[in-house]
Amino acid sequence: MSAIADSTLDGRVPKKLPKGLKVIDVDVHAHETPAALLPYCDMPWRKSLELITKMPERYLDIPFFAPQMAVWSPPFPQSGSERRQVVTSAAQMRKDLDELGIAIGVIFPDNLLLLGALRDPDYATALARAYNRWLVEEWLGEDNGMKGAIVAPSQNPTAAAEEIRRHAGHKHVAAVYLPSCCVEPLYGHRSYDAVYEAAQETDLPVMLHSVTAIFPVFPFNLNCFNTMFSAHIASHGLSMVANLLSMMETGVPARYPKLRIGFSESGIGWVPWIMMRMDKEYKERRRELPFLSDLPSTYVRQMFFATQPIEEPENMQQMATILSLFGGEQSVMFASDWPHHDFDHPNKVLQIPLSQEAQRNILCENARRFLNLKETA
Amino acid sequence: MASEYLIGHTHELPPGTHKVVTAGGREIGIFNVAGRYYAIPNNCLHQNGPLCRGAVSGTIETSAEAGWKPVWAREGEIVVCPWHSMEFDITNGRCLAEPRRRIPTYAVTVVDSEIKISIP
């Protein structure tokens with residue numbers, strides 16, 4: 001086995017990018033090790049990180065920091081892509097994004113994708129605070145196309161709201177990340193109203209993002225499966241479905257009409273399915289959701305969806321059809337998920353046969369609206 | 001009409017190794033699989049990743065004949081794309097995940113320890 005230390009991007013910039021288009025990528029990942037966050041962490045939790053730093057680091061699987069509980073089929077030689085799958089500095093990210101033809105990237109964490117699995121709310125909040133300080137200090141200091149998503153610890157919505165208000169004024173803070181893996185309760189719960197109030201007030205969008213782990217809350221009770229094949233599909237896609245249903249139940253999009261809500265890392269094929277199911281059910285059960293003043297699809301059409309991992313039918317025309325089912329040309333945003341194992345190159349999205357205008361929307365304009373970015377033409 | 005390119009000598013490419021060369025303006029991977037030479041493009045049909053920078057290994061297979069027991073098979077015949085781990089059979093260009101699709105293969109000849117590939 002010979003691991004390749006570089007990105008293997010090899011300068012394979014996207015073919016056929018519309019001229020002058022600045023691609024905005026709403027999901028790239030910075031690698032925050034326990035050691036990196038240590039100096040930014042409040043006491044007494046810094047003492048914990050000092051110990052955790054001494055434990056061997058495994059990829060997205062660190063005891064007390066990113067507990068994944070991976071029980072799936074074991075690896076075989078070359079069963080995972082053998083290239084660098086972490087980005088540890090803004091300079092390295094800039095170089096990688098240049099090779100991908102991406103102008104602006106919105107940074108999400110690596111290990112803190114599993115933040116929702118941590119039970120101790122004080123500790124989870126301390127990690128989120130440390131990450132947010134580290135993000136602002138080490139990644140968002142220059143005008144180099146890096147935008148950040150502030151981590152909102154679900155275990156402590158009041159503290160999450162404080163984090164949003166604390167960092168919202170920073171010119172490169174562009175979103176709020178809602179950790180969706182293992183989150184309990186789901187994001188429709190009234191306790192999160194504080195988070196939505198802060199996000200709406202500061203004009204920052206919220207972005208749901210999951211990852212794979214086993215945990216005894218839906219949809220992470222994945223012990224029913226044997227393989228990462230099943231677990232990975234369920235933990236990303238069904239997490240978005242579960243949280244969208246939960247948010248509709250309590251009328252989040254109706255009660256926070258200016259809040260921009262985005263869903264990440266689940267592709268887009270699920271959107272028309274759940275949208276049509278909700279409309280069907282709502283007609284019979286409208287009284288359960290008195291907050292809504294129109295069909296659920298009306299609200300879904302106001303939400304935003306990131307492309308990655310984009311579905312790949314042999315005939316990419318089918319993706320244009322899927323987009324047309326929920327007004328996706330106005331709400332879908334390109335995401336690469338760089339540098340993760342299932343990142344999408346812009347080439348794949350460029351393969352969808354779309355009008356130039358729709359292509360521009362998906363690669364740039366929809367994200368610009370979602371993030372409320374002013375500087376990109 | 002096919003063009004022939006000298007891309008190296010056999011002592012540079014012992015069994016179990018491969019390298020990427022440029023011939024006729026294309027990046028091509030040359031593989032020595034147990035003494036036989038194969039050439040495929042350095043482009044994955046999935047998202048155009050540099051396929052031949054990937055590692056060579058065997059793979060997991062099974063069948064009714066094997067009683068549906070997974071077996072480790074075809075050691076040295078499979079190249080795995082470094083971008084998304086898609087597997088290709090070096091000997092015929094076939095994509096293991098999408099058996100209806102394959103990448104081109106180029107004819108390789110060895111004369112007096114010179115390795116030459118033929119590109120249409």
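These numbers were taken from a predicted model, which means no experiment stands behind them.

1. Structural notes on the overall build of chain A
Counting its regular elements, chain A contains 13 helices and eight strands. Counting only C-alpha atoms, chain A reaches 55 × 45 × 45 Å along its principal axes. Of all 377 residues assigned to chain A, the portion counted as buried reaches 49%. Counted over contacts in chain A with a minimum sequence separation of 6, partners at least 24 positions apart contribute 82%.

2. Quick notes on the overall build of chain B
Within chain B, the regular secondary structure consists of zero helices and nine strands. Ordering the α and β elements of chain B from the N terminus gives β-β-β-β-β-β-β-β-β. C-alpha extents for chain B along the principal axes are approximately 45 × 30 × 25 Å. Every one of the 120 residues in chain B was classed for burial, and the buried ones make up 33%.

3. Examining the confidence of the model for chain B
Residue and element names in this part refer to chain B. Per-residue confidence for chain B averages 95 on the pLDDT scale, and 100% of its residues sit at or above 70. The secondary structure element of chain B with the lowest average pLDDT is strand β1 (residues 3–9), at 94, and the one with the highest is strand β4 (residues 36–41), at 98. Interface scoring of the predicted complex returns ipTM 0.88; its pTM is 0.95.

4. Section: the packing of helix α4 (residues 121–138) of chain A against helix α5 (residues 157–167) of chain A
Residue and element names in this part refer to chain A. With their axes 11 Å apart at the nearest point, α4 and α5 run at an angle of 10 degrees to one another. The angle between α4 and α5 places the two elements in the roughly parallel class. Our pair here, α4 against α5, has a crossing hand that is right-handed. Seen from α4, the contacting residues are T125, A128, R129, N132 and V136; seen from α5, they are A159, E163 and H167. Its residues assigned to classes, the contact of α4 with α5 comprises three nonpolar, three polar and two charged.

5. Side note on the sheet that holds strand β9 (residues 114–119) of chain B
Residues and elements named next belong to chain B. Reading across from one edge, β1-β9-β8 is the order of the three strands in this open sheet, with antiparallel pairing throughout. Two strands close off the open sheet at either side, each with one partner strand: β1 and β8 (107–111). The average undirected angle you get between the axes of adjacent strands in this sheet is 30 degrees.

6. Looking at the nonpolar core
Of all hydrophobic cores here, the largest spans 118 residues; its most connected members are L114, I164, V176, Y177 and M333 of chain A. When sequence neighbours within four positions are dropped, the list of residues in contact with L114 of chain A reads L60, A66, P67, Q68, C181, V211 and A213 of chain A. Within the second largest apolar cluster, 24 residues are counted, among which are F31, I78, C81 and I115 of chain B.

7. A few points about the sheet that holds strand β8 (residues 332–333) of chain A
The strands that make up a sheet are held in pairs by hydrogen bonds between backbone atoms, and each pair lies either parallel or antiparallel. Taking strand neighbours across the sheet as the criterion, the eight strands line up as β1-β2-β3-β4-β5-β6-β7-β8 (chain A) in an open arrangement whose pairing is parallel. The open sheet has two edge strands with one neighbour each: β1 (24–30) and β8 of chain A.

8. What about helix α13 (residues 356–371) of chain A?
All names here are of chain A. Here α13 is 16 residues long and its end C-alpha atoms lie 22 Å apart, about the 22 Å a rise of 1.5 Å per residue gives. Along α13, the sharpest change in direction is near 55 degrees and occurs at I362. Along α13, the residues classified as buried are A358, Q359, N361, I362, L363, C364, N366, A367, F370 and L371. Following α13 by one or two positions, N372 adopts a phi angle in the positive range, close to 55 degrees.

9. Brief notes about the packing of helix α7 (residues 228–249) of chain A against helix α9 (residues 270–285) of chain A
All names here are of chain A. Where α7 meets α9, the axes come as close as 11 Å, and the angle between the chain directions of the two elements is 30 degrees. The handedness of the crossing between α7 and α9 is right-handed. Counted together, G237, M240, V241, L244 and M248 of α7 and W270, I274 and M278 of α9 form the full contact between these two elements.

10. A closer look at the environment of Q359 of chain A
Residues and elements named next belong to chain A. With respect to the helices and strands, the residue Q359 is situated in helix α13. Judged by the 21 C-beta atoms lying within 10 Å of it, Q359 falls in the buried class. Sequence-wise, Q359 and L21 are 338 residues apart; in three dimensions their C-alpha atoms are separated by 9.8 Å. Residues within four places of Q359 in sequence aside, it is in contact with P18 and L354.

11. Points about the pairing of strand β2 (residues 104–109) of chain A
Residue and element names in this part refer to chain A. Most of β2 is tucked away: six of the six residues are buried. Of the two faces of β2, the one carrying I104, V106 and F108 and the one carrying G105, I107 and P109 are both buried. In this structure, β1 lies alongside β2, joined through five bridges in parallel fashion. Paired with A30 across the strands is P109, a residue of β2.

12. Details of the environment of L289 of chain A
Residue and element names in this part refer to chain A. With respect to the element layout, L289 can be found in the loop between α9 and α10 (296–300). Residues L289 and E249, 40 residues apart in the sequence, show an inter-C-alpha distance of 5.9 Å. Not counting chain neighbours up to four residues away, the residues in contact with L289 comprise M248, E249, G251 and Y282.

13. Some points on unusual backbone geometry
All names here are of chain A. The peptide bond linking E184 to P185 adopts the cis configuration, its omega dihedral lying at -5 degrees. Among the structural elements, P185 can be located in the loop between β4 (173–179) and α6 (193–202). Here the amide bond leading from W338 into P339 is cis, since omega sits at 5 degrees, within 30 degrees of zero. Relative to the helices and strands, P339 resides in the loop between β8 and α12 (346–350). Of note in this structure, D337 is not a glycine but carries a positive phi near 65 degrees.

14. Regarding helix α11 (residues 317–325) of chain A
Residue and element names in this part refer to chain A. Along α11, the residues classified as buried are M319, I322 and L323. Here the buried residues of α11 occupy an arc of 100 degrees about the axis, which is enough to place them on one side. Close packing links the buried residues of α11 with α9 and β8. At the C-terminal side of α11, G327 shows a positive phi close to 65 degrees.

Thresholds, definitions, all that
Per-chain numbering applies: the sequence of each chain, read as written, is numbered from 1 onward. Chains and ligands are labelled by the order in which they are written, letters from A for the one and numbers from 1 for the other. With pLDDT at 70 or above as the cut-off, local features in this predicted model cover only qualifying residues; side-chain atom pairs require 80 or more to be listed or tallied, and sums for whole chains, interfaces and linings still use all residues. In this description a helix means any DSSP run of H or I spanning at least four residues, a strand means any run of E spanning at least two, and both kinds are numbered starting from the N terminus. With C-beta atoms placed from the backbone, a residue is buried if 20 or more other C-beta atoms are within 10 Å of its own, exposed if 12 or fewer are, and partly exposed between those counts. With C-beta atoms placed from the backbone, a contact is any residue pair whose C-beta atoms sit within 7 Å. pLDDT measures how confident the predictor is about each residue, on a scale from 0 to 100. Only C-alpha atoms enter the line fits that serve as axes; for helices the fit covers just the stretch in contact. Angles between N-to-C directions range over 0 to 180 degrees. Throughout this description, any angle smaller than 35 degrees is read as roughly parallel, any larger than 145 degrees as roughly antiparallel, any in the 65 to 115 degree range as roughly perpendicular, and the remainder as oblique. In this scheme the handedness of a crossing depends on how the near helix is turned from the far one: anticlockwise by less than a right angle means left-handed, clockwise means right-handed. Each residue is assigned to one of three groups, with Ala, Val, Leu, Ile, Met, Phe, Trp, Tyr, Cys and Pro labelled nonpolar, Asp, Glu, Lys and Arg labelled charged, and all others, Gly among them, labelled polar. Any two strands with at least two DSSP-identified bridges between them are counted as paired. We call a set of buried Ala, Val, Leu, Ile, Met, Phe, Trp, Tyr and Cys residues a nonpolar core when their C-beta atoms link them within 7 Å. By this rule, a helix spans an expected 1.5 Å times one less than how many residues it contains. Throughout, the bend at a residue refers to the angle made by two axes, fitted to the seven residues ending there and to the seven starting there. Working definition: the arc comes from the directions between the helix axis and the C-beta atoms, pointing outward to the latter.

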